[in-house]
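Here are the chains, one letter per residue:
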Amino acid sequence: MAKELLAPAGDLEAGYAALYYGADAVYLGLKQFSARATAQNFSEEELGEFVGYAHHLGRKVFVTINTVLQQNEMEDLLENLDICRRCRVDALIIQDLGVARVVKQYYPEFELHASTQMAVHNKAGALALKNMGFARVVLARELTLAEIKEIATIPSLELEVFVHGALCYSYSGICQFSSMTEGRSANRGKCLYPCRAAFERDGKSGHYFSMKDMALEEDVLKLPVYSLKIEGRKKNALYVAAVTDYYRGILDGKGADQRKAQNIKQIFSRPWCKFHLRGRSKDVTDTRFVGHRGLFIGKIEKVSGAEIILELKHDIARHDGIQIEIEGLEKPFGFSLQKLKVEGRSVWQAKAGDKVEIVLPVMATGVKKGAAVYLASSSAVKGAYDYTKPRPRAFLQRLPIDVEVDIGADTIVARTGGKKAEIRGVFGTAKDVKKTEDAVRLAFGKTGDTLFELRQLTIKNPAERFVPVSMLNNLRRQLLEQITPEQTKVQLEDVAPRPLSAAKKWIVKADRIGILAGLDKDAVQEMILLLRPDMKMEDICRLPREKLRLALPAVCRQTEEFASLIDGLLAAGYKKWEVANYWGLDVLPVKKLDVSFDNLIYMFNTQAMQAAKELGLSRVTLAVEDTLGNLKYLAQCAPLPVVMVVYQDVPLFTSAVCIRDNDCRHCDRYSVWTELFRNGRKYLALSENCGTMLFADKPFAAAKEAAEVRADFYRADFCYRSYTLREVKNILQQLKNFENPSNSFAGNMARRRETF
């Protein structure tokens, strides 16, 4: 299978570097709605120019509109889609169902790619998105080769996988850590990466959630997928060039060039890993240090005053960047190499195998024998990746215009698209009318540095008059100054809201049958049971069927684990279900059931809600990380019933990485809770079944705020933590009085701002 090498571009220079070093396609973001909001990203002019050049080379450009959008951003979305249309991009990478609906309805020329933010981690999820119109699915990074092979059996669906770059501890798209604790959402491209920070655990400090970098290297040849994706829209052109060049060589049959791999490590690299490609691994985090490490060049054999002595494993030179691991520091100690000796003699550079003396800067403390030393930057590498690029504006994407020029006795008028320019004068009869027409064509063909190019010119000169060239040029300039790129004529239809319910209806969700069985049936309008594969039909049947909804979890690596339970419950006539990930839409006959979306299938705008309705969903759940103003609008204008979560132990993240220190072969996989501390805050990590979920030490509660949101249902969740029945009843009573329990937090709703 021919494979596409897909490279990142956080700016124009990185894009040109990617193309020069062999990328088949480049993905990038605009100034809005990019999951890398802090990258420089592209303006319209830059995008148009870059797409024009890429298409000239026979390459493709994909634009990421892969954040979730609040309701007040939908008009801005149309402007961004107009830019993509004018610039003729090849595909859009999308997370939000509302964005997908708008594109399919009003911009059908675009191919849709499902972002990794949609958390597709099994075959059922990929099938669901294919059926929704996505031509390509970007798979979750956590998958093993066997799992990827299984998904690859889906016909007529392109798969894309990440092969190199930074990793998140959580499944992408279901991490709410930065949002709920810092007010900056990963789903909005604003993550502050709290997972990279140091936490205290059992009296020891460590970066327990800080991931190594992925580097699949020659294993990419085993992947049965169409597109191989390099992460790095926040990296510079040098990094993009080096990584693209490295993988281009592998795909072209030249093997993994170790010199090029070493170059990458000198530009930017955490320690490398394969993540779970070859099977689940615990050697994927770097708990001791964060950030760029560099290329390992040896261990300190001796510390002598202000000098360290080691035997080199790689060439170094003066002014290279050196980093040394020092216990107690979050990052290796770095400095520019100013003094270098070999055999006591000062040198400018030293070779691999040399025993060198490196003079430390004055501020170096804590350097010890045995510490690892890294080459963190190299002047030689910085100069090793030159690239060519086109002359500025040479490949600007120009917009075609049709012009009509009407020459009268005392007026010349030029018109296009409802705009016109005119010049008055006295125009006599031409000696050669053909020369006049040629002059008009020449003048209006000169669109210069504008965004326009002449497509069709109509000349009306019935009296065969003569016009000076200077006047024609002036007329052209006046006309082009009046026109701008055509804006969208798209008007999003008003999504018809339903009549609001006056009654305050309550739902309780739990993951233990005993909690729901112990509730007074009249206390709630509905009970939701979060299913586990080991639950038994006879136990579930203890619950009142008329009030019971069955919930599928957000993460399910093997849907076969649930198959017999789901089949049995469907056969027994259970009609009400809740799904938290797209895989649920494939394993359930949605059109025949009463199916709702949980809050991890994000509903931030009415277009997303309308998309859910068209899929056959009966209701949706509002996002817990949303802001109060947006929630109030959605509750009033939703096209289908909405649920507001007012109490929940919010999973800050859900990970396929285990936090335990034990040997996996002897692990019982039972649930274990671990306390962690950071900046005076306490967190609780739940480890079970080879994964980890992180929670705040107190629940999210927004009952007080919910009094302003006219939702159809209010929901209280009692999952994951061990609540007693008495606690559940007491908390529920407080919530029904629209009071927040003590020792809770309200997340972004308490911040009282429009966006997050």
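What comes next concerns the included structure. Since we're looking at a predicted model, the values are computed, not measured.

Reading guide: rules and limits
- Residues numbered from 1 in each chain as written.
- Predicted model: local features only at pLDDT ≥ 70, side-chain atom pairs only at ≥ 80, totals over all residues.
- Heavy atoms only, no water.
- Helix = DSSP H or I, 4+ residues; strand = E, 2+ residues; numbered from the N terminus.
- Contact = heavy atoms within 4.5 Å.
- Areas by Shrake-Rupley, 256 points an atom, 1.4 Å probe, with all protein chains shown as cover.
- Lys, Arg positive; Asp, Glu negative; His and termini not counted.
- Charge placed at Lys NZ, Arg CZ, Asp CG, Glu CD.
- Expected span 1.5 Å × (residues − 1).
- Salt bridge = Lys/Arg side-chain N within 4 Å of Asp/Glu carboxyl O.
- Buried < 20%, exposed > 50% of the residue type's maximum accessible area, 1.4 Å probe, protein only.
- Core = buried A, V, L, I, M, F, W, Y, C linked by side-chain atoms within 4.5 Å.
- Pairing = 2+ DSSP bridges.
- Phe/Tyr/Trp six-rings, centres within 6.5 Å; stacked < 30°, edge-to-face > 60°.
- Lys NZ or Arg CZ within 6 Å of the ring centre and 35° of its normal.
- Axes fitted to C-alpha atoms, helices over the stretch in contact; angles between N-to-C directions.
- Parallel < 35°, antiparallel > 145°, perpendicular 65-115°, else oblique.
- Left-handed = near helix turned anticlockwise from the far one by under 90°.
- Nonpolar A, V, L, I, M, F, W, Y, C, P; charged D, E, K, R; others polar.

Focus: the overall build of the protein
Secondary structure summary: the protein contains 20 helices and 40 strands in total. Counting contacts in the protein only where the partners sit at least 6 residues apart, residues at least 24 apart contribute 70% of the total. Of the accessible surface of the protein, which amounts to about 31100 Å², a share of 48% is contributed by carbon and sulfur atoms. Charge centroids of the protein, computed over 108 positive and 94 negative side chains, lie 1 Å from each other.

Comments concerning helix α2 (residues 44–56)
For α2, built from 13 residues, the straight-helix expectation of 18 Å at 1.5 Å per residue is met to within 8% by its first-to-last C-alpha distance of 18 Å. Buried residues belonging to α2 abut α1 (12–20), β2 (25–29), β3 (60–65) and α3 (74–87).

Here we look at the pattern of salt bridges
Tallied over the entire structure, the rule returns 54 salt bridges. Close ionic contact of E307 with K341 constitutes a salt bridge, the shortest N to O distance being 3.0 Å. Placement of the pair is E307 in strand β15 (residues 307–311) and K341 in strand β19 (residues 340–342), with a sequence separation of 34 residues. For E307, a relative accessible area of 17% corresponds to the buried category. The salt bridge partner of K460 is E404, with a shortest N-O separation of 3.5 Å.

Thoughts on the environment of K698
With respect to the secondary-structure elements, K698 resides in the loop between β38 (691–696) and β39 (700–701). Taking relative accessible area as the criterion, K698 reaches 30% and is therefore assigned partly exposed. Residues K698 and V650, 48 residues apart in the sequence, show an inter-C-alpha distance of 9.3 Å.

Re the nonpolar core
In terms of nonpolar packing, the biggest core is built from 195 residues, with L47, L223, L531, I540, W577 and M644 touching the most fellow members. Here this core takes nine residues from helix α8 (residues 237–251), the largest share from any one element. Other than its neighbours up to four places away in sequence, M644 contacts L622, L631, A702, A706, V709, A711, F713, Y714, R715 and M749. Formed by 25 residues, the second largest nonpolar core is a distinct cluster that contains L295, F333, F335 and I358.

A look at the pairing of strand β22 (residues 355–359)
Strand direction decides the pairing type here: β15 and β22, joined by five bridges, are antiparallel. Among the inter-strand pairings, L310 is bridged to a residue of β22, identified as V356. For β19 and β22, the ladder comprises three bridges, and the chain directions are antiparallel. Within β22, the position partnered with K341 by the bridge is E357.

Side note on the sheet that holds β22
Backbone-to-backbone hydrogen bonds join strands into a sheet, with any given pair of strands oriented parallel or antiparallel. Taken together, the five strands give an open sheet; going across it, the order is β14-β15-β22-β19-β20, and neighbouring strands pair in antiparallel fashion. Where the open sheet ends on each side, the last strands, each with one partner, are β14 (302–304) and β20 (345–346).

Let's talk about the environment of Q456
Note on placement: Q456 falls in strand β27 (residues 452–460). As for Q456 and S227, which are separated by 229 residues in sequence, their C-alpha atoms are 40 Å apart. Other than its neighbours up to four places away in sequence, Q456 contacts I401, D402 and V403.

Some details on the environment of T674
Here T674 is to be found in strand β36 (residues 672–678). Residue class for T674 comes out buried when judged on its relative accessible area of 13%. Distance from T674 to A186, taken between C-alpha atoms, is 24 Å for residues 488 residues apart in sequence. With residues near it in sequence (within four places) discarded, T674 still touches R201, Y683, L684 and A685.

Some points on the packing of aromatic side chains
Taken as a whole, this structure holds 29 aromatic pairs when the rule is applied. An angle of 45° between the planes, with centres 5.7 Å apart, marks the rings of W673 and F695 as tilted. One end of the pair, W673, is in strand β36; the other, F695, is in strand β38, with 22 residues separating them in the sequence. In this structure F695 comes out as buried when scored by relative accessible area, which is 0%. Ring-pair connections join several aromatic residues into one group, and the members of that group are Y169, F177, F199, F209, F653 and Y683. Across the ring face of Y208, the terminal group of R201 is positioned such that the distance to the ring centre comes to 4.8 Å. Note that R318 overlies the ring of W348, its terminal NZ or CZ placed 4.2 Å from the centroid.

Thoughts on unusual backbone geometry
Not every positive phi belongs to a glycine, and S156 is a case in point at roughly 60°. Its location among the elements puts S156 in the loop between α6 (145–151) and β7 (158–165). One non-glycine residue, N743, lies in positive phi territory at about 60°. Secondary-structure assignment places N743 in the segment after α20 (725–736).

Some details on the packing of α1 against α8
One can describe the packing of α1 onto α8 by two numbers: an axis separation of 8 Å at closest approach and a directional angle of 20°. What the angle tells us is that α1 and α8 run roughly parallel. Considering how the two elements wind past one another, α1 and α8 form a crossing that is right-handed. Of the residues in α8, those in contact with E13, A14, A17 and A18 of α1 are A237, V240, A241 and T244. Residue classes in the contact of α1 with α8 are distributed as six nonpolar, one polar and one charged.

So, the packing of α2 against α3
At a minimum axis separation of 9 Å, α2 and α3 run at an interaxial angle of 30°. When the axes of α2 and α3 are compared, the pair comes out roughly parallel. Taken as a pair, α2 and α3 cross one another with a handedness that is right-handed. For the pair α2 and α3, the contacting residues are E44, L47, G48 and V51 in the first and I83, R86 and C87 in the second. Grouping the constituent residues of the contact of α2 with α3 by class yields four nonpolar, one polar and two charged.

Let's talk about the sheet that holds strand β26 (residues 419–424)
Here we have four strands laid out as an open sheet, ordered β26-β25-β24-β27, and mixed in their pairing. A strand with exactly one partner marks an edge of an open sheet, and here the two such strands are β26 and β27. Adjacent strand axes in the sheet meet at a mean angle of 20°, parallel and antiparallel pairs treated alike. Note that strand β25 (residues 411–416) and β26 share six bridges and pair antiparallel. If you follow V413 over to β26, its bridge partner there is E422. Here helix α11 (residues 433–444) sits on the sheet and contacts β24 (399–407), β25 and β27; the angle it forms with β27, its principal contact strand, is near 160°.

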